[in-house]
Amino acid sequence: MSTVKETAWHSALDVGFDSSNNIGPQRVRVASRSRRSKSMSQTDDKLASNERVVQNLQMLVDLEDEKEAIKPIKRRATRKRSKVWDHFDSFTNEKGENKSTCRYCGKEYFSSTRIHGTSALLGHLKVCASYPQNKPSNQTQLAFQTGDVNENKPNLIAWKFDQQAIRKALCHMIIVDELAFKFVERQGFKHFINVCQPSFQIPSRITVTRDCYQLYLEEKKKVRAQIQENVGRICFTTDTWTSLQKVNYMCVTAHFVDNDWRLQKRVLSFSPVLSHRGNDIGKALEMCLLEWGIDNVFTITVDNASSNDVAITYLKEKFANWEKCILGGKWTHIRCVAHIMNLIVQDGLNHIGESVERVRAAVKYVRQSPARIKSFKSFAEIEKCCSTKNLVLDVPTRWNSTYLMLETTQAYERAFSRFDAENLHFREDLENTGVPRIADWKNVRRLIGFLEHFYDLTLKVSGTKYVTAHSFLDDITCIAVVLKKCLNEADDVGLKDMAKFMKSKFDKYYGVIEKMNMLVVVASVLDPRNKFEYLEVLFTDVYGKVDGSSIVQIVKESMNDLYDEYMRIHAPHNTTHSSTYDHSSSSSSLGKRVSPVDIEPAKILKEKFRNEMKRRKIESGVRDSKSELDKYLKEETEVDSVQFDILNWWKVNSPRFPILSLMARDIMAIPISSVASESVFSTGGRVLDAFRSSLTPKIVQTLICMQDWLRASSTPIDIEEIWEDLQQIEEEEGTAGNVT
């Protein structure tokens, strides 16, 4: 194209413009016609030449326009609008790649806006440790902290924003309140955080899961240290459960009295077990103890499934190799009192009378339609019934639900009478059983009074925040007296028959003293309000003078054996005092003659000989007449009162009874019910519901154990609320093992 342009340009220059051309005025000479013609011919040639010049110039202009049209249009450079560029510097490396460098830490990222975008740069800026806004500020603010559940008054604290502390608190909330991990990704929670603390970066549900597990590992170290630093022995409760996933879980709960003489409970394991067979349960419990480094096992409380008997036998063999069991594990096995009470009452309710059947049919009829319920409530108001509770229908396989149904219904006796008079179909529909009569209501009230003892006992022995072992003998004796009185004095034939079957089941477990675990009997002696004088009166009243005296003698022998075992373990034997011999002299003894009586090695030898003498007495069966046990038994009993705290009494008197207090500490930690472990299954049923059945066993154990550890200082277990869940578990697991 440049060649064409130059040719046109040179052609235009070669032709040129003459001054004689007809562009300007010309001088015309007067000449002859021939010369005029020649001149006009020349003029025509010049005009033709000028036209060619004009054409060449036009061609040149067209070429210039075509060049301008072909020339690419330069786009205007756009300004970087993202705020992230205030913190990054862009550059192009040797390979021609667009990259950016953080101004604070120097980390490089690909930063081509069309390919990579700015998301990676923004993500780095949020976590950059050198970024000034990410560094924790030392400036604090005064704020009122409302406190936890147990704190009523707000506290004035110095507060500052801490991302990690808030993430831990978030995990605490999710675990304690049993929230789903995806709760952090819901719109309502995000809105709440953006309003109350916009600086907090909300983690994803995957990150929250990792945080919860990390918190579990941290708390596990604390619990392990607390158990290992504890002076006393550890008691355990355990039970098994099958989840919606059809996975067999076993819960292991530790009970102990800590060094400050406070009763503690910790769920150590909630892990899968191969099956409900005894050997599998025993092996799983053994692995749990080895994992936690616990070898000072005192007792294990389980229900009466035959598989648990096999598991305890397996563990006793293993404990013998550990050489840490008291008396070779003779009294390691504790049977759950609540479970035994359940078996006793169930045996009686299988022979229940017609009165309960009539009341159950009447309650079922009223609850069948909203119209009947509304009509019944109006009758209750007219008859001025004192109760405002709703009628509840029992489940025949759960004795406590039958008790609650009767206890609620008996207050509406007049309302049922009026309902019978006003409703024409009531009597017709109850033709098979009949409507409740006056005699039926009397029988029901007697049955309520009878079952109330078992219901209250079940609630009492299921506690975990107070000692239950020392009151075991009183509770069992009370049940024996109630059954005996019902057999001898009850006017209701049906109630007598029921008591007869219940007494037979009761004698199977507690009819003979040898069938009881002697540790819980000794616990009553270690109650300073009782001692042996109380036991002598109690056994004489229940078993007679002859049998009562022999039973007391058995308890004394068992207690002496137990005390001698503790003396053998904890009393000093061949104590060396090389470190106590001090060669330095005080300023007050300088220049004085030291008496041979005051020579330190002589004291060491005497103490050594005395300890050896005590050891030989213990091994030979000869006990010191002034032992701690004898001194304790000879002292006056304490006055009984509601405010009496048995753990506090032993804490105060532990300097006077150093060995006996260790024995009392271990015995008072014994749980006589396995409800502490069974109640965990109620939590497990909520954690592993139909919507969260995909949780792995590791995460399930994390949530269950952490909830127990975090709630350790809060409110105790409410047995009344979870009792229905426990009964459901009993019903579902009824086929897991044969109950003996």
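Residues numbered from 1 in each chain as written. Predicted model: local features only at pLDDT ≥ 70, side-chain atom pairs only at ≥ 80, totals over all residues. Heavy atoms only, no water.

Caption draft 1: A look at the nonpolar core. Counting residues in each nonpolar core, the largest one holds 111 residues, and the members touching the most others are F450, L526 and W650. Among the elements that make up this core, the one with the highest residue count is helix 15 (residues 438-461) (11 residues). Judged by nonpolar contacts, the second largest core, of 56 residues, contains A254, A311, I312 and V700. (Core = buried A, V, L, I, M, F, W, Y, C linked by side-chain atoms within 4.5 Å. Buried < 20%, exposed > 50% of the residue type's maximum accessible area, 1.4 Å probe, protein only. Helix = DSSP H or I, 4+ residues; strand = E, 2+ residues; numbered from the N terminus.)

Caption draft 2: Structural view of the side chain of N248. Tracing the sequence through the fold places N248 in strand 7 (residues 248-257). Judged by relative accessible area, N248 falls into the buried class, the value being 17%. At a separation of 3.4 Å, a polar atom in the side chain of N248 contacts the main-chain carbonyl oxygen of L274. (Polar contact = N/O pair within 3.5 Å; in protein donor to acceptor, adjacent residues only side chain to side chain.)

Caption draft 3: Summary view of the pairing of strand 1 (residues 88-92). Here five bridges tie strand 1 to strand 2 (residues 98-102), and the two strands are oriented antiparallel to one another. By the bridge assignment for strand 2, T92 is matched with N98. Counting the residues between successive antiparallel strands, the hairpin from strand 1 to strand 2 contains five residues, one of them, G96, with a positive phi of roughly 80°. (Pairing = 2+ DSSP bridges.)

Caption draft 4: Structural context of the packing of helix 18 (residues 518-525) against helix 20 (residues 545-570). Where helix 18 meets helix 20, the axes come as close as 10 Å, and the angle between the chain directions of the two elements is 95°. The pairing of helix 18 with helix 20 is recorded here as roughly perpendicular in orientation. Contact residues: helix 18 offers M518, L519, V521, V522 and V525, while helix 20 offers I554, V555, S558, M559 and L562. When grouped by side-chain class, the residues that make up the contact of helix 18 with helix 20 number nine nonpolar, one polar and no charged. (Axes fitted to C-alpha atoms, helices over the stretch in contact; angles between N-to-C directions. Parallel < 35°, antiparallel > 145°, perpendicular 65-115°, else oblique. Contact = heavy atoms within 4.5 Å. Nonpolar A, V, L, I, M, F, W, Y, C, P; charged D, E, K, R; others polar.)

Caption draft 5: Molecular detail of the sheet that holds strand 9 (residues 297-302). Strand order across the open sheet formed by five strands is 8-7-6-9-10, with mixed pairing between neighbours. Across the chains shown, the open sheet's two edge strands, defined by having one partner strand only, are strand 8 (263-272) and strand 10 (333-335). Looking at each pair of strands side by side, their axes are set apart by 25° on average, direction ignored. Inspection of the sheet shows strand 6 (residues 234-242) paired to strand 9 by four bridges, in the parallel sense. Of the residues in strand 9, the one forming a bridge with C235 is T299.

Caption draft 6: Just the packing of aromatic side chains, in detail. Under the criterion given, the structure shown has 30 aromatic pairs. Aromatic side chains W650 and F657 sit 6.2 Å apart centroid to centroid with 65° between the ring planes, which places their arrangement in the edge-to-face category. With respect to burial, W650 and F657 carry one shared label: buried. Here the aromatic residues Y365, F376, F379, Y412, F416, F419, F426 and W441 are joined through ring pairs into a cluster of three or more. (Phe/Tyr/Trp six-rings, centres within 6.5 Å; stacked < 30°, edge-to-face > 60°.)

Caption draft 7: How the structure looks around the pattern of salt bridges. If you walk through the whole model with that rule in mind, you get 28 salt bridges. The salt bridge involving D211 is made with R167; its shortest N-O contact spans 2.9 Å. Of the two residues, D211 is situated in helix 6 (residues 205-228) and R167 in helix 4 (residues 163-176); the sequence distance between them amounts to 44 residues. As a salt-bridge pair, E565 and R568 come within 2.8 Å of each other at their nearest N and O atoms. (Salt bridge = Lys/Arg side-chain N within 4 Å of Asp/Glu carboxyl O.)

Caption draft 8: Layout of the pairing of strand 8. Burial analysis of strand 8 places eight of its 10 residues in the buried class, the great majority of the element. As judged from the nine bridges shared by strand 7 and strand 8, these two strands associate in the antiparallel manner. Across the sheet, V252 pairs through a bridge with S269, a residue of strand 8.

Caption draft 9: Inspection of the sheet that holds strand 3 (residues 108-110) at higher detail. Sheet architecture is open: three strands sit in the order 1-2-3, paired in antiparallel fashion. At either margin of the open sheet sits one strand with a lone partner, and together these are strand 1 and strand 3. Each adjacent strand pair in this sheet contributes to an overall mean axis angle of 30°, direction not counted. Across three bridges, strand 2 lies against strand 3 in antiparallel orientation. Bridged to S100 within strand 3 is Y109.

Caption draft 10: Just the side chain of R266, in detail. Relative to the elements of secondary structure, R266 occurs in strand 8. No salt bridge is formed by the buried R266; its nearest oppositely charged neighbour, D708, is found at 5.6 Å. Only 3.2 Å separates the side chain of R266 from the side chain of Q264, close enough to count as a polar contact. Setting aside residues up to four positions removed in sequence, R266 forms contacts with V223, Q226, V252, T253, A254, F256, D708, W709 and A712. (Lys, Arg positive; Asp, Glu negative; His and termini not counted.)

Caption draft 11: Expanded view of helix 24 (residues 658-668). Of all 11 residues making up helix 24, 10 are buried, and the element is well covered by its neighbours. Along helix 24, the positions that sit buried rather than exposed are I659, L660, S661, L662, M663, A664, R665, D666, I667 and M668.

Caption draft 12: Examining the environment of D630 more closely. With respect to the helices and strands, the residue D630 is situated in helix 22 (residues 628-634). Along the backbone, D630 and N560 are 70 residues apart, and their C-alpha atoms lie at a distance of 10.0 Å.

Caption draft 13: Spatial organisation of unusual backbone geometry. Although it is not a glycine, L327 adopts a positive phi angle of roughly 55°. By secondary structure assignment, the location of L327 is in the loop between helix 8 (306-322) and strand 10. A positive phi angle, near 60°, is found at K531, a position not held by glycine. In this structure, K531 sits in helix 19 (residues 531-543). The class for K531 is buried, based on a relative accessible area of 1%.

Caption draft 14: Local environment of helix 23 (residues 646-653). Listing the buried residues of helix 23 in full gives I646, L647, W649, W650 and N653. Looking straight down helix 23, one finds that the buried residues subtend no more than 160° of arc, so they occupy a single side. Those residues of helix 23 that are buried lie in contact with strand 7, strand 8, helix 22 and helix 24. (Arc of directions from axis to C-beta.)

Caption draft 15: Highlighting empty space enclosed by the protein. Counting across every chain of the model gives five cavities of 30 Å³ or more. Counted as a void, the largest cavity has a volume near 100 Å³. For the largest cavity, the lining is made up of 17 residues, of which H255, G463, T464, T468 and P671 are closest to its centre. (1 Å grid on protein atoms, 1.4 Å probe; cavity = no way out; pocket = protein on both sides within 12 Å on 5 of 7 lines; lining within 4 Å. Points joined across faces, edges and corners; volume = space filled by probe spheres on them.)

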